[in-house]
Amino acid sequence: MASRAEHAELLMVKLSPKLKRRLKRAAAAQRTDMSKLTREAIEEHLDRLDRMSRGERLVERLRGTGTSGMTSDEIMALTRGDD
């Protein structure tokens, strides 16, 4: 039976220098190579996305994109009609 690596395709990914250093350190700490660690991280992330509901994926995509400059408490006060 053919191994997974025999059927793998090359994918180039641009990483910031900081992220590349982190990846290199993590791979060294786990005594593996950066490619294997990257594949495993991508697989884990995709598996997590597969387990999420549509609503959870939407919330995840929108997380951190608010631009109102208001705190959650200020927004809640507006929705309740507090002055």
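Residues numbered from 1 in each chain as written. Predicted model: local features only at pLDDT ≥ 70, side-chain atom pairs only at ≥ 80, totals over all residues. Heavy atoms only, no water.

1. Some details on a nonpolar patch on the surface
Then, in step 1: Side chains of Leu-11, Val-13, Leu-15 and Leu-19 sit close together on the surface and give an oily, nonpolar patch of about 360 Å² of accessible area.
Then, in step 2: Following the sequence through the fold, Leu-11 ends up in the segment before α1 (17-29).
Then, in step 3: You can call Leu-11 exposed: its relative accessible area is 63%. (Patch = residues over 30% accessible without salt bridge, like charges linked within 9 Å, V, L, I, M, F, W, Y side chains within 5 Å. Areas by Shrake-Rupley, 256 points an atom, 1.4 Å probe, with all protein chains shown as cover. Salt bridge = Lys/Arg side-chain N within 4 Å of Asp/Glu carboxyl O. Helix = DSSP H or I, 4+ residues; strand = E, 2+ residues; numbered from the N terminus. Buried < 20%, exposed > 50% of the residue type's maximum accessible area, 1.4 Å probe, protein only.)

2. Some words on unusual backbone geometry
Then, in step 1: The backbone phi angle of Arg-31 is positive, close to 55°, even though this residue is not glycine.
Then, in step 2: With respect to the helices, strands and loops of the structure, Arg-31 is situated in the loop between α1 and α2 (34-51).

3. Let's talk about the confidence of the model for the protein
Then, in step 1: Per-residue confidence for the protein gives a mean pLDDT of 86; residues scoring 70 or more make up 90%.
Then, in step 2: Per-element confidence in the protein is highest for α1, whose mean pLDDT is 96, and lowest for helix α3 (residues 54-62), whose mean pLDDT is 86. (pLDDT = per-residue confidence, 0-100.)

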